[in-house]
Amino acid sequence: MSVEQQLQSRKIVDSRGSFCPGPLTDLFRAYRQAKQGDIIEVWATDPAAKPDVQSWTAHTGNELVEIVEEKGYTRIAVRVTAKKS
Amino acid sequence: MPKKILVLGAGSGGTKFANLVAQHLSKEIGQGKVSVRLVGERAEHVFQPANLDIAFRGSDPKKALRTEADLINRNVLHTLDGAANISLEERKITLRTKGGLDYDYLVLAPGAVASPETMPGLKEGSLNFHSEPFEAAKIWNAIQSVKKGKILIAIASVPHKCPPSPNEAAFLVDEFLRKRGLRDSVEIKLLTPYPRAYPSQAISDVIQPIFEERGIEVIPFFNADYVDPNAKKIYNMEGESYDYDLLLAVPPHLGAEVVRSSAIGDEEGWIPSDRNTMRMKGHSDVFAIGDATNIPISKSGVVAHLQAVAVAKDIVSEVAGVREIQSYNGRINCPMETGSRRALFVSATYDAPPKRQNPTLLRYIMKK
C-alpha cells in the first residue's frame with residue numbers, strides 16, 4: 001500500500017433502518033468532514049439510497065467505487081474526488 | 001426521598017413531557033413521592049412554526065412568544081437557568097448559576113441550535129428564519145425593498161429543523177412577489193443538497209411541477225461550502241457558485257452547547273438514542289427527545305410531542321409500579337405550505353415512507 005493510500009481514510013456510514021433522506025443526510029455529513037481521496041461507505045436498507053448516491057456521484061464528479069449487495073442491505077462506496085476545499 | 005424526574009430543555013418536547021408526567025403523577029407529587037423539575041434558560045416559549053409567517057407575511061414576532069411559566073402545570077418545578085454540564089455517571093446536571101441537580105430519571109430535550117456562524121460568510125451574507133422570530137422579521141424587512149434581482153433560498157447544511165420549511169420559503173416569497181406585481185423581475189432559486197425538490201420522491205413529484213409552473217428553479221445536489229458576502233456569491237464544495245441579491249439560508253444546525261461540552265453526543269452534539277424507546281444508548285435512566293437526538297427523522301415539534309408522550313407513559317408506568325415500555329413508531333406529520341392558501345402534509349412512520357398528497361385549502365386550514 002502506498003503512503004498516499006495509507007493516508008486516505010475509509011469512513012463507514014451505517015444508515016441501515018432509515019429511509020430517505022437518512023442515508024443521503026448521513027453521506028453529506030461525512031462528505032463535509034472528508035478530505036480529497038477519502039472513501040465513504042454508506043450502508044443502507046432503503047432501496048432509494050443506491051440510485052440517489054449514483055446520481056450524486058454522477059452530478060458532482062465524485063467517484064462511485066463499488067456497490068455490493070450484502071445480506072439485507074447495500075454497501076455503496078464512494079471516493080471523494082470533487083471537493084475543492 | 002422522592003423520585004426525581006429532571007427535564008432539561010423547555011421547548012415543545014420538554015414542556016409537553018413535564019406537563020404530562022405532572023398531570024399523571026399529581027397524586028404521587030402531592031404525597032412527596034415524586035418531583036418533576038423542568039430546566040430551561042428562556043423565560044419565553046417560542047412557537048417556531050410562526051417564523052414563516054413572520055418572514056413572509058409580516059406577522060408580529062412578539063406574537064410567537066409566550067411566558068413559559070404560564071404554560072407549565074402547577075405541579076412542575078421550574079428552574080430558569082441553563083445547564084453548564086451533564087454528568088451521566090454522577091447522575092447530575094450542573095447549572096450555570098443555580099448549583100447542581102441530581103435525578104433518578106433524566107429527559108434531555110435541549111433542542112437543536114441554528115448556527116450560521118459555523119459556515120464562513122453565511123452569518124454576514126444571509127438572513128434566516130430558523131434561529132429566532134426576530135431574525136425572521138429581518139427577512140420581512142428585507143423583501144420590502146426588493147424590486148428586481150435574484151433571491152436564493154439555500155439549505156446550507158443537513159440535518160436542519162423543519163424539513164419542509166425551505167420549500168415553503170420558496171413558495172411564500174413567490175407569493176409575496178406576485179402580490180406586489182414584481183414576480184417577473186425577480187429570479188427565485190432553491191438550492192438543496194438533495195437530488196430533488198424534496199427528499200421524499202413521492203412529495204417531490206407533487207411539488208416539482210408547482211415549482212416549474214411558478215418559475216422557481218430547483219438546483220439539486222448543492223452542498224454549500226461558504227458564502228462570499230462582498231461578491232454576493234454562495235459556493236458549494238465542488239467549487240460551483242451562484243450569485244444573489246438576497247440569500248435566505250437554512251443555517252447549519254448543531255446539538256446543544258451543553259451536550260457538546262459534556263461530550264455525551266456525537267461530533268455534532270446529537271444524542272445517540274434508541275429510535276423506539278428514546279432511551280439514550282447505554283443509559284437506562286436517561287431519555288432524549290425532539291431535535292436533540294441523532295435519529296434520522298424530521299426535527300420538528302410534532303416529533304418532539306409524540307416522543308414526549310411515549311417517554312411520559314414509560315416513566316409514569318414505571319413510577320406507578322407496572323412498567324410499560326412505550327414505543328415511538330417514527331410518526332412524522334409535517335405541514336408544507338405551497339402558497340395561494342394551499343398545503344399538504346408529509347406523513348410517515350419508520351415503516352411507511354411518505355405518500356403522495358395534493359395541496360388543498362383544507363390542509364392549509366389544518367396547518368393554521
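Higher on the page you've got the structure.
This report concerns the structure included in the present document. Keep in mind it's a predicted model, so treat the numbers as computed, not measured. (Residues numbered from 1 in each chain as written. Chains lettered and ligands numbered in written order. Predicted model: local features only at pLDDT ≥ 70, side-chain atom pairs only at ≥ 80, totals over all residues. Heavy atoms only, no water.)

### A few points about empty space enclosed by the protein
The following threshold applies: The way it works is a 1 Å grid over only the protein atoms, where trapped points that fit a 1.4 Å probe form a cavity and open points with protein on both sides within 12 Å along at least five of seven lines form a pocket, and then any residue with an atom within 4 Å of a point lines it. Grid points are joined across faces, edges and corners, and a volume is the space filled by probe spheres set on the points.
Applying the stated criterion across every chain, the model contains 3 cavities of 30 Å³ or more. Along the walls of the largest cavity sit G17(A), S18(A), F19(A), R275(B), I295(B), P296(B), I297(B) and Y350(B), which together make up its complete lining.

### Structural notes on the interface of chain B and chain A
The following threshold applies: It only takes one pair of heavy atoms within 4.5 Å for two residues to be counted as in contact. Accessible-area loss on putting two parts together, using a 1.4 Å probe and summing over both, is the definition of buried area adopted here. Counted as salt bridges are all cases of a side-chain nitrogen of Lys or Arg within 4 Å of a carboxyl oxygen of Asp or Glu. Think of a polar contact as two N or O atoms within 3.5 Å of one another; within protein, one of them needs to be a possible hydrogen donor and the other a possible acceptor, and neighboring residues in sequence only count if both atoms come from side chains. Any residue outside Ala, Val, Leu, Ile, Met, Phe, Trp, Tyr, Cys, Pro, Asp, Glu, Lys and Arg is labelled polar, Gly included; the first ten of those are nonpolar and the last four are charged.
Across the contact, 30 residues belong to chain B and 23 residues belong to chain A. Overall, the association of chain B and chain A removes approximately 2100 Å² of surface from exposure, summing both partners, and the carbon and sulfur fraction of that is 58%. The largest share of the area that chain B buries against chain A comes from F221(B), M237(B) and E238(B), three residues that together contribute 32% of it. Where chain B touches chain A, the interface holds 3 salt bridges. Between R29(A) and E268(B) there is a salt bridge, with the nearest N and O atoms lying 3.0 Å from each other. Inspection of the region where chain B meets chain A yields 10 residue pairs in polar contact (both at pLDDT 80 or more). A breakdown of the residues in the side of chain B that touches chain A according to their chemical character gives 18 nonpolar, 5 polar and 7 charged.

### What about the packing of helix α7 (residues 165-179) of chain B against helix α8 (residues 201-213) of chain B?
Residues and elements named next belong to chain B. Going by this rule: Simply put, an axis is a line fit to the C-alpha atoms, just over the touching stretch for a helix, and the angle between two N-to-C directions goes from 0 to 180 degrees. In DSSP terms, a helix is any run of H or I states spanning at least four residues, a strand is any run of E spanning at least two, and both are numbered starting from the N terminus. Geometric relationships in this document are graded by angle, where less than 35 degrees denotes roughly parallel, more than 145 denotes roughly antiparallel, 65 to 115 denotes roughly perpendicular, and other angles denote oblique. For a crossing to be left-handed, the near helix must be turned anticlockwise from the far one by less than a right angle; the clockwise case is right-handed.
At a minimum axis distance of 11 Å, the contact between α7 and α8 shows a crossing angle of 25°. As judged from the angle between their axes, α7 and α8 are roughly parallel. Both α7 and α8 take part in a crossing whose hand is left-handed. Contact residues: α7 offers N167, A170 and F171, while α8 offers I207, I210 and F211. For the contact of α7 with α8, a count of residues per class yields 5 nonpolar, 1 polar and no charged.

### Examining α8(B)
All names here are of chain B. Stated precisely, the cut-off is as follows: What a helix should span is 1.5 Å times the count of its residues minus one. Each residue is assigned a bend, namely the angle between axes fitted to the seven residues that terminate at it and the seven residues that start at it. Buried, partly exposed and exposed residues are distinguished by accessible area as a fraction of the type maximum, computed with a 1.4 Å probe on protein chains only: under 20%, between the cut-offs, and over 50%, respectively.
Helix length check: α8 (13 residues) gives 18 Å between terminal C-alpha atoms against 18 Å at 1.5 Å per residue, within 8%. Along its length, α8 shows its largest kink, about 25°, at I207, and proline P209 lies within four residues downstream of that point. Residues of α8 that are buried include every one of I203, S204, V206, I207, I210 and F211, and no others. Lining the buried residues of α8 we find α7, β12 (186-191), β13 (216-219), β20 (332-339) and β21 (342-348). The positive-phi residue at the C-terminal boundary of α8 is G215, with phi of around 70°.

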